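Letter by letter, the chains look like this.
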Number of protein chains: 2
Amino acid sequence: MPAPTPAVEPVSTDARATPVQVDTPGGRYEIRIGSGLIGTAESWSGLPRAADAVIVSNPAIWSLYGPALAAAIAPQHRRVTQVLLPDGEQHKDWPSLQRIYDHLLGAGCDRKTLLYALGGGVVGDITGFAAATYMRGVPFVQVPTTLLAQVDSSVGGKTAINHPLGKNMIGAFYQPVRVVCDSDTLSSLPRRELVAGLAEVIKYGPIYDDGFLGWIEAHLDALLAGEPGALAHAVQRSCEIKAAVVGADERESGLRAILNFGHTFGHAIEAGLGFGTWLHGEAVGCGMVLASRLSAELGLASASYAERIERVVARAGLPTRAPAFAGERWLELMRHDKKAEAGEIRFVLVEAPGRATVRPAPDALVLDVIRRHSEATPAGVPARP
Amino acid sequence: MPAPTPAVEPVSTDARATPVQVDTPGGRYEIRIGSGLIGTAESWSGLPRAADAVIVSNPAIWSLYGPALAAAIAPQHRRVTQVLLPDGEQHKDWPSLQRIYDHLLGAGCDRKTLLYALGGGVVGDITGFAAATYMRGVPFVQVPTTLLAQVDSSVGGKTAINHPLGKNMIGAFYQPVRVVCDSDTLSSLPRRELVAGLAEVIKYGPIYDDGFLGWIEAHLDALLAGEPGALAHAVQRSCEIKAAVVGADERESGLRAILNFGHTFGHAIEAGLGFGTWLHGEAVGCGMVLASRLSAELGLASASYAERIERVVARAGLPTRAPAFAGERWLELMRHDKKAEAGEIRFVLVEAPGRATVRPAPDALVLDVIRRHSEATPAGVPARP
């Protein structure tokens, strides 16, 4: 595994930073971060040879970047085609996946076909799973176009679709052959999605790098203003941390689980309200507040540290109050979390600034923390972020 | 990789032969072969710890062996439940897979849950794919109950479901944690299935071990009579060869492709007639005849060797004449084979007794070989094996 890089303070001004290397049991791949990468032929050189390239995207993203990507990769392939999926978390499902299979088989794509996932986390997760399972595995490239996808979902090889009974319940660990993060795509991002993406950026502070949390606090206004240099640095440092964690533990047997900080509560919020009501990052933002408070209640983190997390989450514009589900509903939703084992819910908690741990917690304490951080709305009425 | 064991002549009389070790990049697992293994607690010791065990089977197989298996594994788990799938290749599809996911999620099974695939190739392939993809991977055990599954599909980590446009098009390489072949299950096998299984046994001769082909020729009557000692030896030697090949090449980048001898033609027959019209083994039997003839036409094997293969296939009771599809239809069906690359069909051919190679062949020659080995029925009318 690559040694964790020390936290860096200055904002990067280099449009094309050093690629981040990700080491996994199956091999090494690069994350390339910078401005204008999608339209540059060099971004796509050295990929596995394939007669067929298939770009998977959604109509909105395709119209912005699809033709440029198709043109840039055209010299490498005999044929470039695209599959456009309906947008939204509610379409991260079997029918969308089937569209990809139908296209690949209908076009006679062989098992060397290279898939390109052009879009946010939904496109990346589905395309990755299609790549993992089409003819038992074809190579794929992640081209994330949202902040959330650039700092989190495109890196680390988690691919999945949702099941009516749970998010990401059907999937595979399957690594891309490259990740290309074009910073220019972030400028077209709606503010709500930018903010949601910041939740996963903030996450890396408490679990791994307290210095990075300080950097985020100092540059939050620049990040919210969409300042390219600030965003590029946030993406770069987030990817470095994720690469270090994933390189040490591809399959979440240990260390990797810390990347799910805020996610046990967050998934419960998403599932309880129905996927898509809150954005994933919004649910994670609120989940981090709850997890920090729970850490403090358990005597791991200090109360003032939990308040610090709540402050940065609130300043980013993310929700800090959870929906008012009944207690039993919360526990039921969290027991469906993939980290649960034999019915025991396991939480990612902060044990010191920049250091996380995974452990269970007493139900009563968990429910007490939730109650004190819930909207005062009747159960079942979705709180809006 | 384990060194290939030399061909052995005598029929094994040991009910519990030495387990066959399979080495893969992800680790080593054992194939245990013998009489009475399902009901013996010792067969199931040393497996990964899991609160939940879920046996996947079909109603007919479950009624024969399900209760014995459930009782034998009960001491290892907190809860043992079962999912019964409809029987038949036509049900190796998404709805069957979904039944497994629905059961697992409905029962709150966590990601340490151990799946047991109790049945033939259909159950094994679907269960393996469910295990590969449920919560991004849970462990599973293969308990094959047909000759075909014991000598072929349960070993090597190929898992899949079918797509309307092609067999096994959606799947994953995912290794079981153990394979348990109970010879007693073969006694309940309908003769047609026993014969179909023999196709995959015969296969190992031409591609890897000419001595084993001689043994098969000498013991074919005993195998057809269902003699336990003969069947146990056939299973043992087949698994040894498959383990050696798979250990050298998990993902079919090279050597492993030889295991598909007869399968390019065979898959075309199955797909062209509609899955389930011919059994997989029947299609492979006929496919081996065609592949041997093609090998001879290309000057690789001798004509007399091709005749020898045709003779043993015929003696086993397998079809040697292909259905009379039109030439273009044959090519179209074979281009959907996973071994095809950039539209070029690749055939597994015998280059010497016990040695195979993978290469393309001229369309005209392929069609000529097929024409000379086809039923004289009008195109589209399925020839019956």
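Residues numbered from 1 in each chain as written. Chains lettered and ligands numbered in written order. Predicted model: local features only at pLDDT ≥ 70, side-chain atom pairs only at ≥ 80, totals over all residues. Heavy atoms only, no water.

### Some words on the environment of Phe275 of chain A
Residues and elements named next belong to chain A.
Then step 1. Within the secondary structure layout, Phe275 lies in the loop between helix 8 (263–273) and helix 9 (280–297).
Then step 2. In sequence terms Phe275 and Pro164 are 111 residues apart; their C-alpha atoms lie 9.7 Å from each other.
Then step 3. Contacts of Phe275, omitting those with residues within four sequence positions, involve Glu89, Asn162, Gly166, Lys167 and Glu270. (Helix = DSSP H or I, 4+ residues; strand = E, 2+ residues; numbered from the N terminus. Contact = heavy atoms within 4.5 Å.)

### Details of the relation of the copies chain A and chain B
Then step 1. Here chain A sits on chain B after a turn of 180° about the axis and a move of 0.0 Å along it, with an RMSD of 0.0 Å. On this basis, the relationship between the two copies can be described by a two-fold rotation axis.
Then step 2. Most of the interface of chain A is mirrored in chain B, where 100% of its interface residues again form contacts. (Least-squares fit on C-alpha atoms with pLDDT ≥ 70 in both.)

### Some remarks on the side chain of Thr185 of chain B
Residues and elements named next belong to chain B.
Then step 1. For Thr185, the location among the structural elements is in the loop between strand 9 (178–182) and helix 5 (191–208).
Then step 2. Only 2.7 Å separates the side chain of Thr185 from the backbone oxygen of Asp182, close enough to count as a polar contact.
Then step 3. Residues in contact with Thr185, not counting those within four places in the same chain, are Ile38, Tyr65, Pro144, Thr145 and Gln150. (Polar contact = N/O pair within 3.5 Å; in protein donor to acceptor, adjacent residues only side chain to side chain.)

### Focus on the interface of chain A and chain B
Then step 1. Between chain A and chain B, the contact holds 35 residues from the first and 35 residues from the second.
Then step 2. Regarding the contact of chain A and chain B, the summed buried area is about 3,400 Å², with carbon and sulfur atoms giving 57% of it.
Then step 3. When the buried surface of chain A facing chain B is broken down by residue, Leu105, Arg111 and Arg136 of chain A rank first, second and third, together holding 26% of it.
Then step 4. The interface formed by chain A and chain B holds zero salt bridges in total.
Then step 5. At the boundary of chain A with chain B, the tally comes to eight residue pairs in polar contact (both at pLDDT 80 or more).
Then step 6. Going through the elements one at a time, helix 2 (94–106), helix 3 (121–133), strand 7 (158–163) and strand 8 (166–173) of chain A are the ones with two or more residues in the side of chain A that touches chain B.
Then step 7. Counting residues per element, the side of chain A that touches chain B draws most heavily on strand 8 of chain A, at six residues. (Buried area = accessible area lost by both parts, 1.4 Å probe. Salt bridge = Lys/Arg side-chain N within 4 Å of Asp/Glu carboxyl O.)

### So, the domain arrangement of chain A
All names here are of chain A.
Then step 1. Here chain A is described as being made up of domain 1 (1–251) and domain 2 (261–385).
Then step 2. Opposite the 29 residues of domain 1 that make contact, domain 2 presents 33 residues.
Then step 3. Taken together, the two surfaces of domain 1 and domain 2 that pack against each other cover about 2,600 Å², and 63% of this comes from carbon and sulfur.
Then step 4. On the domain 1 side of the interface with domain 2, the three residues burying the most area are Lys167, Arg192 and Pro206, jointly 24% of the side's total.
Then step 5. Viewed at the interface, domain 2 and domain 1 are joined by five salt bridges.
Then step 6. Across the salt bridge formed by Arg308 and Asp210, the nearest N and O atoms sit 3.3 Å from each other.
Then step 7. Connecting domain 1 to domain 2 are 11 residue pairs in polar contact (both at pLDDT 80 or more).
Then step 8. When residues in the side of domain 1 that touches domain 2 are grouped by element, the largest group, 12 residues, is from helix 5 (residues 191–208).
Then step 9. Classifying every residue of the side of domain 1 that touches domain 2 gives 14 nonpolar, five polar and 10 charged. (Domains from an automatic or database assignment. Nonpolar A, V, L, I, M, F, W, Y, C, P; charged D, E, K, R; others polar.)

### What about the confidence of the model for chain A?
Detailed reading of predicted coordinates is not advised where the pLDDT is low.
Residue and element names in this part refer to chain A.
Then step 1. Summary statistics for chain A give a mean pLDDT of 91 and a share of 92% for residues scoring 70 or more.
Then step 2. Low pLDDT, under 50, characterises residues 1–15; the stretch is placed with 32 contacts to residues that sit more than four places away or in other chains.
Then step 3. Note that pLDDT drops below 50 for residues 377–382; the model gives that stretch eight contacts with residues more than four away or on any other chain. (pLDDT = per-residue confidence, 0-100.)

### Some details on helix 6 (residues 210–224) of chain B
Residue and element names in this part refer to chain B.
Then step 1. In this model helix 6 runs 20 Å from its N-terminal to its C-terminal C-alpha over 15 residues, within 8% of the 21 Å that 1.5 Å per residue would give.
Then step 2. The axis of helix 6 is deflected most strongly, by about 55°, at Ala218.
Then step 3. Its buried side turned inward, helix 6 meets helix 5, helix 7 (228–248) and helix 10 (303–315).
Then step 4. Looking at where helix 6 begins, the residue whose side-chain oxygen comes 3.0 Å from the main-chain nitrogen of Gly211 is Asp209.
Then step 5. Phi turns positive, to about 75°, at Gly226, one or two residues after helix 6. (Expected span 1.5 Å × (residues − 1). Bend = angle between axes of the 7 residues up to and from the residue.)

### Here's the deal with the pattern of salt bridges
Then step 1. Using the criterion set out here, one finds 48 salt bridges over all chains in the structure.
Then step 2. Two residues, Arg355 of chain B and Glu351 of chain B, come together in a salt bridge whose shortest N-O distance is 3.1 Å.
Then step 3. For Arg355 of chain B, a relative accessible area of 47% translates into the label partly exposed.
Then step 4. For Glu351 of chain B, a relative accessible area of 26% corresponds to the partly exposed category.
Then step 5. Within the structure, one salt-bridge network assembled from shared partners comprises Glu89, Lys92, Asp125, Lys167 and Glu270 of chain A. (Buried < 20%, exposed > 50% of the residue type's maximum accessible area, 1.4 Å probe, protein only.)

### So, the packing of helix 6 (residues 210–224) of chain A against helix 10 (residues 303–315) of chain A
All names here are of chain A.
Then step 1. Axis separation between helix 6 and helix 10 bottoms out at 10 Å; the angle between their running directions is 25°. It follows that helix 6 is roughly parallel to helix 10 by the angle criterion. Seen from above, helix 6 lies across helix 10 with left-handed handedness. Seen from helix 6, the contacting residues are Asp210, Leu213, Gly214, Ile216, Glu217, Leu220, Asp221 and Leu224; seen from helix 10, they are Tyr305, Arg308, Ile309, Val312 and Arg315. (Axes fitted to C-alpha atoms, helices over the stretch in contact; angles between N-to-C directions. Parallel < 35°, antiparallel > 145°, perpendicular 65-115°, else oblique. Left-handed = near helix turned anticlockwise from the far one by under 90°.)

### What about the packing of aromatic side chains?
Then step 1. Taken as a whole, this structure holds 13 aromatic pairs over all chains when the rule is applied.
Then step 2. On the basis of an interplanar angle of 15° and a centroid distance of 6.1 Å, the ring pair of Phe140 of chain A and Tyr174 of chain A is categorised as stacked. On the criterion of sequence distance, the pair formed by Phe140 of chain A in strand 6 (residues 140–144) and Tyr174 of chain A in the loop between strand 8 and strand 9 (178–182) is long-range, its members being 34 residues apart.
Then step 3. Between Trp94 of chain B and Tyr101 of chain B, the aromatic rings sit 6.0 Å apart at their centres with planes inclined by 55°, giving tilted as the arrangement.
Then step 4. It is Arg136 of chain A that lies over the ring of Phe173 of chain B; its NZ or CZ is 5.9 Å from the centre. (Phe/Tyr/Trp six-rings, centres within 6.5 Å; stacked < 30°, edge-to-face > 60°. Lys NZ or Arg CZ within 6 Å of the ring centre and 35° of its normal.)

### Some words on unusual backbone geometry
Then step 1. Phi is positive for Asn168 of chain A, close to 55°, though the residue is something other than glycine.
Then step 2. Locating Asn168 of chain A in the fold gives a position in strand 8.

### Quick notes on helix 10 of chain A
Residue and element names in this part refer to chain A.
Then step 1. Its 13 residues give helix 10 an end-to-end C-alpha distance of 18 Å, which sits within 8% of 18 Å, the value for a rise of 1.5 Å per residue.
Then step 2. Those residues of helix 10 lying buried are Tyr305, Ala306, Arg308, Ile309, Glu310, Val312 and Val313.
Then step 3. Looking at the buried side of helix 10, the elements it contacts are helix 5, helix 6, helix 9 and strand 10 (347–352).

### Here we look at the sheet that holds strand 3 (residues 52–57) of chain B
All names here are of chain B.
Then step 1. Across the sheet, which stays open at both edges, the seven strands sit in the order 1-2-9-6-5-3-4 with mixed pairing between neighbours. Two strands bound the open sheet, and with one partner strand each, they are strand 1 (20–24) and strand 4 (79–84). On average, adjacent strands in this sheet sit at an angle of 20° to one another, irrespective of strand direction.
Then step 2. Bridge count for strand 5 (residues 114–119) against strand 6 (residues 140–144) is five bridges, and the pairing is parallel. Bridge pairing in strand 6 places Leu118 opposite Val143.
Then step 3. Sheet strands touched by helix 1 (residues 59–73): strand 3, strand 4 and strand 5. Its angle to strand 5, the strand with the most contacts, is close to 140°.
Then step 4. Contacting strand 1, strand 2 (27–34) and strand 9, helix 7 runs over the sheet at an angle of about 20° to strand 1. (Pairing = 2+ DSSP bridges.)

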